[in-house]
2 protein chains.
Amino acid sequence: MVPLNQWIKIKAPATVANMVCGFDILGFAVNNPYDEMEMRLVNRAAGQASITIINIDDYNLPTDPEKNVAGAALLALIEEYTANSIIEKSLASESASSNQTSGNNNLVDFSTIGFEVKINKLIKPGSGVGSSAASSAGAVVGANYLLGNPFSKDDLVRFAMNGEKVASGVKHADNIAPCIHGGVTLVRSIFPLEIVALPSPTLFVTIVHPQIEVRTADARSILKQNVQLKDAIKQWGNIAGLVAGLMKGDYDLIGRSLEDVIIEPVRSILIPGFDELKKACKAAGALGGGISGSGPSIFFLSKEKETALAVEKEMNTLYDGLGLAHHTYVTTINQEGVTIEK
Amino acid sequence: MVPLNQWIKIKAPATVANMVCGFDILGFAVNNPYDEMEMRLVNRAAGQASITIINIDDYNLPTDPEKNVAGAALLALIEEYTANSIIEKSLASESASSNQTSGNNNLVDFSTIGFEVKINKLIKPGSGVGSSAASSAGAVVGANYLLGNPFSKDDLVRFAMNGEKVASGVKHADNIAPCIHGGVTLVRSIFPLEIVALPSPTLFVTIVHPQIEVRTADARSILKQNVQLKDAIKQWGNIAGLVAGLMKGDYDLIGRSLEDVIIEPVRSILIPGFDELKKACKAAGALGGGISGSGPSIFFLSKEKETALAVEKEMNTLYDGLGLAHHTYVTTINQEGVTIEK
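Below is a summary of the structure that appears in this document.

Calculation rules
Throughout this description, residue numbers start from 1 for each chain and increase along the sequence as written. In the order they appear in the text, chains get letters beginning with A and ligands get numbers beginning with 1. For this predicted model, a pLDDT threshold of at least 70 governs which residues receive local features, and a threshold of 80 or more governs which side-chain atom pairs are given and counted, while totals over whole chains, interfaces and linings are taken from all residues. Excluded from the side-chain calculation are hydrogens and water; included are all heavy atoms of the structure. Helix numbering and strand numbering both begin at the N terminus, where a helix is a DSSP run of H or I of at least 4 residues and a strand a DSSP run of E of at least 2. Two things to know: the radius of gyration comes from C-alpha atoms, and the globule rule equals 2.2 Å times the number of residues to the power 0.38. The rule is simple: take the accessible area with a 1.4 Å probe, protein chains only, and divide by the maximum for that residue type; under 20% is buried, over 50% is exposed, in between is partly exposed. Classification of ring pairs uses Phe, Tyr and Trp, with its six-membered ring standing for Trp, and accepts pairs whose centres are within 6.5 Å; under 30 degrees between planes counts as stacked, over 60 as edge-to-face, and the remaining range as tilted. Between the first and last residue of a helix there are one fewer steps than residues, each counted as 1.5 Å, and that sum is the expected span. Within this analysis, the arc is defined by the directions that extend from the helix axis to the C-beta atoms. It only takes one pair of heavy atoms within 4.5 Å for two residues to be counted as in contact. Here an angle of 0 to 180 degrees is reported between the N-to-C directions of two axes, which are lines fitted to C-alpha atoms, with helices fitted over the stretch in contact. Take the far helix as your reference; a near helix turned counterclockwise from it by less than a right angle gives a left-handed crossing, and one turned clockwise gives a right-handed crossing. Lys, Arg, Asp and Glu make up the charged group, whereas Ala, Val, Leu, Ile, Met, Phe, Trp, Tyr, Cys and Pro make up the nonpolar group; the residues left over, Gly among them, are polar. Two strands are counted as paired when DSSP detects at least two bridges linking them. Copies are brought into register by a least-squares superposition over C-alpha atoms of residues with pLDDT of at least 70 in both. Summed over both partners, the accessible surface that disappears when two parts come together, traced with a 1.4 Å probe, is what is meant by buried area. A pair is scored as a salt bridge if a Lys or Arg side-chain nitrogen falls within 4 Å of a carboxyl oxygen belonging to Asp or Glu. Polar contacts, as counted here, are pairs of nitrogen or oxygen atoms within 3.5 Å of one another; within protein the pair requires one atom able to donate a hydrogen and one able to accept it, and residues that are adjacent in sequence qualify only if both atoms are side-chain atoms.

**Regarding the overall build of chain A**
Here comes step 1: What chain A contains, in helices and strands, is 10 helices and 12 strands.
Here comes step 2: The C-alpha atoms of chain A give a radius of gyration of 21 Å, which matches the 20 Å a tight globule of 342 residues would have.
Here comes step 3: Its C-alpha atoms put chain A at 70 × 40 × 40 Å along the principal axes.
Here comes step 4: The burial tally for chain A puts 57% of its 342 residues in the buried class.

**Observations regarding the packing of aromatic side chains**
Residue and element names in this part refer to chain A.
Here comes step 1: All told, the structure shown has 10 aromatic pairs over all chains when counted by the stated rule.
Here comes step 2: Taking 5.6 Å as the distance between ring centres and 90° as the angle between the ring planes, the aromatic pair formed by Tyr81 and Phe110 counts as edge-to-face. A residue pair is termed long-range when its members are at least 10 positions apart, and Tyr81 in helix H1 (residues 69-97) and Phe110 in the loop between H1 and strand E4 (113-120) qualify at 29 residues. As far as burial versus exposure is concerned, Tyr81 and Phe110 are alike and both buried.

**Things to note about helix H10 (residues 305-322) of chain A**
Residues and elements named next belong to chain A.
Here comes step 1: Relative to the 26 Å expected for 18 residues at 1.5 Å per residue, H10 spans 26 Å between its end C-alpha atoms, a close match to the ideal helical length.
Here comes step 2: Those residues of H10 that sit buried are Thr307, Ala308, Val311, Glu312, Met315, Leu318 and Tyr319. Down the axis of H10, the buried side of the element spans an arc of 145°, and every buried residue falls inside it. Looking at H10, the residues exposed on the side facing more than 90 degrees away from the buried face are Glu306, Lys313, Thr317, Asp320 and Gly321.
Here comes step 3: Buried-residue contacts for H10 involve strand E7 (204-210), helix H9 (274-283), strand E10 (298-302) and strand E11 (326-332).
Here comes step 4: Within two residues after H10, Gly323 carries a phi angle of roughly 65°, on the positive side.

**Notes on unusual backbone geometry**
Residues and elements named next belong to chain A.
Here comes step 1: Residues Phe191 and Pro192 are joined by a peptide bond in cis, for which omega reads -5°.
Here comes step 2: Within the secondary structure layout, Pro192 lies in the loop between strand E5 (184-189) and strand E6 (194-198).
Here comes step 3: The backbone of Asn18 sits at a positive phi, close to 85°, despite the residue not being glycine.
Here comes step 4: Looking at the element boundaries, Asn18 is found in the loop between strand E1 (8-17) and strand E2 (26-43).

**Here's the deal with the environment of Leu242 of chain A**
Residue and element names in this part refer to chain A.
Here comes step 1: Assignment of secondary structure puts Leu242 in helix H6 (residues 229-248).
Here comes step 2: Residue classification places Leu242 among the buried positions, given a relative accessible area of 0%.
Here comes step 3: Counting along the chain gives 30 residues from Leu242 to Ile212, while the straight-line C-alpha distance between them is 30 Å.

**Section: the environment of Tyr34 of chain A**
Residues and elements named next belong to chain A.
Here comes step 1: Its location among the elements puts Tyr34 in strand E2.
Here comes step 2: Separated by 285 residues in sequence, Tyr34 and Tyr319 place their C-alpha atoms 23 Å apart.
Here comes step 3: Not counting the four nearest positions on each side in its chain, Tyr34 is found in contact with Lys11, Ala12, Pro13, Ala14, Leu122 and Ile123.

**So, the packing of helix H2 (residues 131-146) of chain A against helix H3 (residues 153-168) of chain A**
Residues and elements named next belong to chain A.
Here comes step 1: Axis separation between H2 and H3 bottoms out at 8 Å; the angle between their running directions is 145°. As H2 runs across H3, the sense of the crossing is right-handed. Facing H2, whose interface residues are Ser132, Ala133, Ser136, Ala137, Val140, Val141 and Asn144, H3 presents Leu156, Phe159, Ala160, Gly163, Glu164 and Ala167.
Here comes step 2: Tallied by class, the residues present in the contact of H2 with H3 amount to 8 nonpolar, 4 polar and 1 charged.

**Quick look at the sheet that holds E11 of chain A**
Residue and element names in this part refer to chain A.
Here comes step 1: The sheet built from 4 strands is open, its strands ordered E9-E10-E7-E11 with antiparallel pairing. One side of each edge strand has no neighbouring strand; the edge strands of this open sheet are strand E9 (288-291) and E11. Across the sheet, the axes of successive neighbouring strands diverge by a mean angle of 15°, strand direction being ignored.
Here comes step 2: As defined by bridge partners, E7 adjoins E11 across 7 bridges and the pair is classed as antiparallel. Its bridge partner lying in E11, Phe204 is registered against Thr332.
Here comes step 3: Helix-sheet contacts for H9 involve E7, E9 and E10, and the interaxial angle to E10 is about 15°.

**Thoughts on the relation of the copies chain A and chain B**
Copy one and copy two of the chain differ by a rotation about an axis and a translation along that axis.
Here comes step 1: Here chain A sits on chain B after a turn of 180° about the axis and a move of 0.0 Å along it, with an RMSD of 0.0 Å. This pairing of chains is accounted for by a two-fold axis.

**Some thoughts on the interface of chain A and chain B**
Here comes step 1: Listed per partner, the contact involves 36 residues of chain A and 36 residues of chain B.
Here comes step 2: Counting each side, the surface lost to burial between chain A and chain B is near 2,800 Å², with a carbon and sulfur contribution of 71%.
Here comes step 3: Ranking the residues of chain A by area buried against chain B places Arg188, Leu229 and Trp236 of chain A at the top, with a combined share of 26%.
Here comes step 4: On inspection of chain A and its partner chain B, the count reaches 2 salt bridges.
Here comes step 5: One salt bridge in this structure joins Glu194 of chain A and Arg256 of chain B, with 2.6 Å as the shortest N-O distance.
Here comes step 6: Here chain A is connected to chain B by 13 residue pairs in polar contact (both at pLDDT 80 or more).
Here comes step 7: When residues of the side of chain A that touches chain B are traced back to their parent elements, those giving at least two are E5, E6, strand E8 (226-228), H6 and helix H7 (251-257) of chain A.
Here comes step 8: Per-element tally for the side of chain A that touches chain B: the top contributor is H6 of chain A, with 14 residues.
Here comes step 9: Note: E8 of chain A against strand E8 (residues 226-228) of chain B, 3 bridges, orientation antiparallel. Looking at E8 of chain B, one finds that Gln228 of chain A is bridged to Asn226 of chain B.

On their own, these measurements won't tell you what the molecule is for.
So this is what it looks like as structure tokens:
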């Protein structure tokens, strides 16, 4: 456990959910952009909340813990920690009464202690590269470190999903899982939660964020609730191909599998220039790509850095031509997930 | 090329299509049961068909090449072979006219030569373990060997799919692909055809064939043409999990992923005792399993041979109790596909 008042620094990566064909199940973390956070445990006065959020960026996000994604994630963590603490204390007192030693002197009492969290969002909210997930995931990984790591990574994903619920109304894990685990992750099942790490070869990632607003809730609501079986079969062929391609390190198979016949045709209409951009990026040599999460960011994967840079050039040319403000990143897959600076 | 009149012996394995969650895309070959075939090239008299089918079993399958699955597959092979031969001959004559040597003396002329095929079906037609695929695949692999292997395995899959069309009206490859390639295969795409070999750990397979008739065409026609997006998401989570589990050799992940929320609930009503059998087999320790292809055979996968035998016992107990004639196999995944006895 980290002593009271001692700040720790946290780096929480951006993430790309869906990975084209894997709607709601696949995602990966990238090395740039990322959020910076600081956290510490502090004594709190009576009546003071157990979580204090301090925004050190200009986004004016809510600081009420229940309305802030990091806050909501931390509240879930504190609730389970406290419930477990009560059980452990009761087990400890049983042990004590039978004259055995108790190892639970390090338990934090959240009736007198709280978290202070400083958030510097470098991942723009609403950009579609897991901005809310980075805050939620960063907060719970930081909290776990401060408390002496009582929770598993899968526990932390569960807590952080409460942040996603605040952000978009749905407890999804396709950004949270790669943000916490790093690399490419599969959410095989949400209830019960099961996350599978998927090995991947070196991949370069080019991301463009056109500065338009696509609300996650809107991007969800335009989806059809039913899909044709024949389309679903095509989609699961591509998903199986993508997983096999990543695990075999077969770049061509990865490229051929990066096709989405279900979600992209509906969602891409929300993003200006999407079809042209896709053609241009593939012509520049990208393996494939598509909408990042619910957009508006778009990502493409490349085998070589030079290709990723050529893809970036195509993105700039297209959005400059459309007169649309945008920002690009050329990066790689982040293999560590949220990290604590020690 | 094998000389005229010389018989070759062929072994064509049974196959399990779909593999629970991978409807129309996944399948694997097993070491038992298998069909036995013999084939040779013969001179044929004018007016005689290019393919002579000789059934040496009691199933009275059609011997007209266009109505026989092996015949239909061979017709497709001969057509492409002949078309390519014409191109090669024309190239050869160009070479000859420019005083270069021609290497095409081994071309078979199917206007004067034909195939004789003896088929001993040990895989009962209509049992749901790729009986038609074994005949089609065995025939084209045998023909390719007789002709000096001019075709790739993927070419052979394409030809053999014509046999599946005769059998069920649909050119599907989920039995043909594993029958020809061996092991577990993914049909990532049908048009264009792309088959991906999936490595797998040692798995024991228990199969029960209850002696009822389920026509593939019927089993297809009862499927709903639309599926709920939320079910499709569950399904592709399981497919991705199954592929990852097979490639990682993670038996528990394989087991958890062997769930089908789309096809099995509809098709299992055609198979007496399905739900009870599934419960009993999983209680006996099977990793998971379900309907083989379109049924009526049911398969379960186990990590250990003893478990596979315990599963067989449960199958016998249940179908004995129902008074339903049945046959069981305990086998392993066949890694070679169709083989030629040399």
